[in-house]
Amino acid sequence: MTDFPFENRIWDPAETLARDELRALQAERLRETVARVAHVPFYRRALAERGVGADDIRIADDVRRLPFTTKEDLRQHYPLGFLAVPREELVRLHGSSGTTGKPTFVAYTAEDLECWANLCARFLVAGGLRREHMVQIAFGYGLFTGGFGLHQGVELVGASIIPAASGNTPRQVMLLVDLRPEVLICTPSYALNIAEVARAKGYGPDDIALQFAHFGGEMWTEDMRHEIERALGIQAFNNYGLSEIIGPGVSGECAARGGMHISEDHFLVECLDPDTLEPVPEGEQGELVITTLTKQAMPLLRYRTRDIAALDSAPCRCGRTGTRMSRVVGRTDDMLIIRGVNVFPSQIEEALLRVDGATPHYLIEVDRPGAMDEVKVKVELRPEAFSDRMDEMQRLRDRIGREIFTVTGLRVGLELVEPQTLERSAGKALRVIDRRQNRPGG
Ligand code: DLL
C-alpha cells in the first residue's frame, strides 16, 4: 500500500467483514427492521398489502419483496408519522434541506446517535483523520445533519474541533491561518469559496496547514476535486449521506479514492432503474434505494434517494469489504430534460473545468419563452481570462460552447460574467434555476 497517502487504518472491524458474513448479518438485521416497522402505520399497511412479514425475510435479497418509501410518503406523514419508537425515546431531531416549504424531519434515539458517530468516524479515519489532528468544521450546525453529524464523528476519533459552522468566510480564513488546523470539513463548493477569499487576502496553500479535507453534501466532479486540491494544497475525500437515512456516514472514500465504501452492515443499498425499479447490472448507473438495517427511531424501507450512481463490489486495496458507490452524478429530480436531451448539472461542470479560462462558478438558467426550451449557462471567468477584447471573449465562448456540446450534445446560450459576480454559497451551491412551467418531471 505504498502509494496510499497515509497509513491505512481501519476504525471498526465490521468494515472488513467477509462478504458472506456481511450478507448473513444484513438478512438478520433486515428481519429485525421489518419487525420494528410494524409500529409505523404506513408500513403496517404496506406490508399487509404485500402479504410480507418479518418471517418471510431469509436472505438479504428478500428486500425486493418490501415496499418502497418516497419523500412524498414522508411529507404526507409530516411531521413525525414514521416514528417507530415512542416520542419519549427520542434524543435529537434534524431536518432535511427542503428547498421549498417545510423540511422533512428525522429523529434519533440515543442508540441511533451512537451508531451515527461511529459511521462518521469510519470514513473520517479511512480518509486519514487521526487523534492528533485539528479539524475545522464549516458545515451548518442546526437542523442540517452536516454539522452535528461530523462533529460527533470527529469527537469520537478524539481529534480536536473548531466548530466554525458555515458562513462568515473571512473568519473561516482567519481560523485556518491562525489556528492551523490540518483538516477541513464542509461542502466542496464552500471550500472553493474559502480558498477564493483566502487568495483575495493574500494567503495561499503555504500560509495554511491544511493537509486534507472531507467534502460531501452536494454533487461535485473529479475535476472540481483537482481544482480545490490545487487551491488549498490538500487531498480531498468524498463522503455521502442523506438526512432521511441518517445524515453523513452512509458511505465515504478510503485512501484509494476509488469510490465510497458503503457501511453495508447498517444500510442495504440497491441500484435500480428509476423507471422500471428493476436492478441495473453492476457498474451501471441507477437510482440508489436504501433500507436502514439498524435505525431505531425512524427505520426506512427501500427509500428512493433519487441519487444516481453506480455500485462496484470488487475488492478494494484498503481491505474494507463494503461495496463502493461511484460519485453521485446527479439526482433524478435535478436532471434537466432540454429539448428531449437529458442533462445533469455535473456534465456542465465537467465541461467548464476542461476550459482554462472558465471557473466552476456557474448557474444554469432554463426557460421556455415559446414552444422551445432555452438554456443559458452563466459562467464566471478567471480574472486573467476576462478581457475587453471582443475577439478573445468570442474565442473563449466558442471553446466553452464546444466543450458543453461534446459532453451533453446540447447547444446552450452562454453568458460569460466577470470574476466574483455569481453568488457564493456557504453550504450547498445553487446550480439551476428552472423557470419553465410544467417542466418535464417537475
Ligand atoms: O447533505 C447529508 C450530508 C451532510 C452528507 C454532510 C455529507 C456531508 P441532505 O441535506 O438530506 O443531507 O441532502 C442529501 O445531498 O440525497 C445527495 O443528493 C446530496 N449529497 C450528499 N452527499 C453527496 C456527495 C446531507 N458526496 C442529498 N456527492 C443527497 C453528491 C451528495 N451528492
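Residues numbered from 1 in each chain as written. Predicted model: local features only at pLDDT ≥ 70, side-chain atom pairs only at ≥ 80, totals over all residues. Heavy atoms only, no water.

### What about the site of the ligand?
Then comes step 1: Near the ligand, the surroundings consist of 21 residues, among which Asn238, Asn239, Ser243, Asp307 and Lys428 are the closest.
Then comes step 2: The backbone of Glu218 places a nitrogen or oxygen atom 3.2 Å from a nitrogen atom of the ligand.
Then comes step 3: Relative to its free-state accessible area of 610 Å², the ligand is covered by the protein chains to the extent of 94%.
Then comes step 4: When contributions to the shell around the ligand are tallied by element, the ones reaching two or more residues are α5 (145-157) and β7 (235-242).
Then comes step 5: The element best represented in the shell around the ligand is β7, accounting for 5 residues.
Then comes step 6: A per-class count over the shell around the ligand returns 7 nonpolar, 9 polar and 5 charged. (Near = heavy atom within 4 Å. Polar contact = N/O pair within 3.5 Å; in protein donor to acceptor, adjacent residues only side chain to side chain. Areas by Shrake-Rupley, 256 points an atom, 1.4 Å probe, with all protein chains shown as cover. Helix = DSSP H or I, 4+ residues; strand = E, 2+ residues; numbered from the N terminus. Nonpolar A, V, L, I, M, F, W, Y, C, P; charged D, E, K, R; others polar.)

### Overview of the nonpolar core
Then comes step 1: Ranked by internal contacts, the top residues of the largest apolar core, which has 69 residues, are Tyr43, Leu66, Ile185 and Tyr240.
Then comes step 2: Apart from the residues within four sequence positions on either side, Tyr43 is in contact with Val37, Thr69, Phe82, Pro299, Leu300 and Leu301.
Then comes step 3: Among the nonpolar cores identified, the runner-up in size contains 25 residues, and Ala358, Val379, Met393 and Leu416 belong to it. (Core = buried A, V, L, I, M, F, W, Y, C linked by side-chain atoms within 4.5 Å. Buried < 20%, exposed > 50% of the residue type's maximum accessible area, 1.4 Å probe, protein only. Contact = heavy atoms within 4.5 Å.)

### What about the environment of Phe212?
Then comes step 1: As for its position among the elements, Phe212 is in strand β6 (residues 212-216).
Then comes step 2: Residue classification places Phe212 among the buried residues on the basis of a relative accessible area of 5%.
Then comes step 3: Placed 28 residues apart in sequence, Phe212 and Leu184 show a C-alpha to C-alpha distance of 6.8 Å.
Then comes step 4: Setting aside its immediate chain neighbours within four residues, Phe212 contacts Gly127, Gly128, Leu129, His133, Glu182, Val183, Leu184, Ile234, Gln235 and Phe237.

### Describing the sheet that holds strand β4 (residues 160-162)
Then comes step 1: With mixed pairing, the 9 strands of this open sheet are ordered in space as β4-β3-β5-β6-β7-β8-β9-β14-β13. In this open sheet, the two edge strands, each paired with only one partner strand, are β4 and β13 (311-312).
Then comes step 2: Strand direction decides the pairing type here: strand β5 (residues 183-186) and β6, joined by 4 bridges, are parallel. Looking at β6, one finds that Cys186 is bridged to Phe215.
Then comes step 3: Across the sheet, helix α4 (residues 110-126) lies against β5, β6, β7 and β8 (247-253), angled at about 25 degrees from β8, the strand it touches most.
Then comes step 4: Where helix α8 (residues 222-232) meets the sheet, its contacts fall on β5, β6, β7 and β8, and the angle it forms with β7 comes to roughly 130 degrees. (Pairing = 2+ DSSP bridges. Axes fitted to C-alpha atoms, helices over the stretch in contact; angles between N-to-C directions.)

### What to know about the pattern of salt bridges
Then comes step 1: By the definition in use, this model includes 37 salt bridges.
Then comes step 2: In this structure, the salt-bridge partner of Glu222 is Arg225, at a minimum N-O distance of 3.1 Å. Here Glu222 and its partner Arg225 are both found in helix α8, 3 residues apart, which amounts to about one turn of the helix.
Then comes step 3: Glu222 sits in the partly exposed class, given a relative accessible area of 36%. (Salt bridge = Lys/Arg side-chain N within 4 Å of Asp/Glu carboxyl O.)

### Brief notes about the domain arrangement of the protein chain
Then comes step 1: Per the domain assignment, the segments of the protein chain are domain 1 (1-329) and domain 2 (336-438).
Then comes step 2: Here domain 1 and domain 2 have C-alpha centroids that lie 30 Å from each other.
Then comes step 3: Of the residues lining the interface, 21 residues belong to domain 1; the matching set on domain 2 comes to 18 residues.
Then comes step 4: Across the domain 1/domain 2 interface, buried area totals approximately 1,500 Å², and carbon plus sulfur atoms make up 54% of it.
Then comes step 5: If you look at where domain 1 meets domain 2, you find 2 salt bridges.
Then comes step 6: Where domain 1 packs against domain 2, one counts 11 residue pairs in polar contact (both at pLDDT 80 or more).
Then comes step 7: Those elements that place two or more of their residues in the side of domain 1 that touches domain 2 are α7 (188-200) and α8.
Then comes step 8: For the side of domain 1 that touches domain 2, the element with the highest residue contribution is α7, accounting for 5 residues. (Domains from an automatic or database assignment. Buried area = accessible area lost by both parts, 1.4 Å probe.)

### As for the packing of aromatic side chains
Then comes step 1: Inspection of the entire model under this criterion finds 11 aromatic pairs.
Then comes step 2: Linked through ring pairs, Phe6, Phe212 and Phe237 together constitute an aromatic cluster.
Then comes step 3: For Arg257, the ring lying beneath its charged end belongs to Phe237, and the centroid distance is 5.5 Å.
Then comes step 4: Positioned over the ring face of Tyr108 is Lys295, at 5.9 Å from the centre of the ring. (Phe/Tyr/Trp six-rings, centres within 6.5 Å; stacked < 30°, edge-to-face > 60°. Lys NZ or Arg CZ within 6 Å of the ring centre and 35° of its normal.)

### Observations concerning the sheet that holds strand β15 (residues 330-331)
Then comes step 1: Strand order in the open sheet made by the 4 strands is β10-β11-β12-β15, with antiparallel pairing throughout. One side of each edge strand has no neighbouring strand; the edge strands of this open sheet are β10 (267-272) and β15.
Then comes step 2: Judged from the 6 bridges that link them, β10 and strand β11 (residues 286-292) form a sheet pairing that is antiparallel. Bridge pairing in β11 places Leu272 opposite Glu287.

### What about the packing of helix α6 (residues 169-179) against α7?
Then comes step 1: The interhelical angle for the contact between α6 and α7, taken along N-to-C directions, is 75 degrees, at an axis separation of 9 Å. It follows from the interaxial angle that α6 and α7 lie roughly perpendicular. Residue-level inspection shows Thr169, Pro170, Gln172, Val173 and Leu176 of α6 in contact with α7, the latter providing Tyr190, Asn193, Ile194, Val197 and Ala198.
Then comes step 2: For the contact of α6 with α7, the per-class residue count stands at 7 nonpolar, 3 polar and no charged. (Parallel < 35°, antiparallel > 145°, perpendicular 65-115°, else oblique.)

### Comments concerning the packing of α4 against α5
Then comes step 1: α5 packs onto α4 with a crossing angle of 75 degrees between their chain directions and a minimal axis gap of 7 Å. The pairing of α4 with α5 is recorded here as roughly perpendicular in orientation. When α4 is examined against α5, the residues Leu113, Trp116, Ala117, Asn118, Cys120, Ala121, Phe123, Leu124 and Val125 are found in contact with a partner set consisting of Thr145, Gly149, Leu150, Gln152, Gly153, Val154, Leu156 and Val157.

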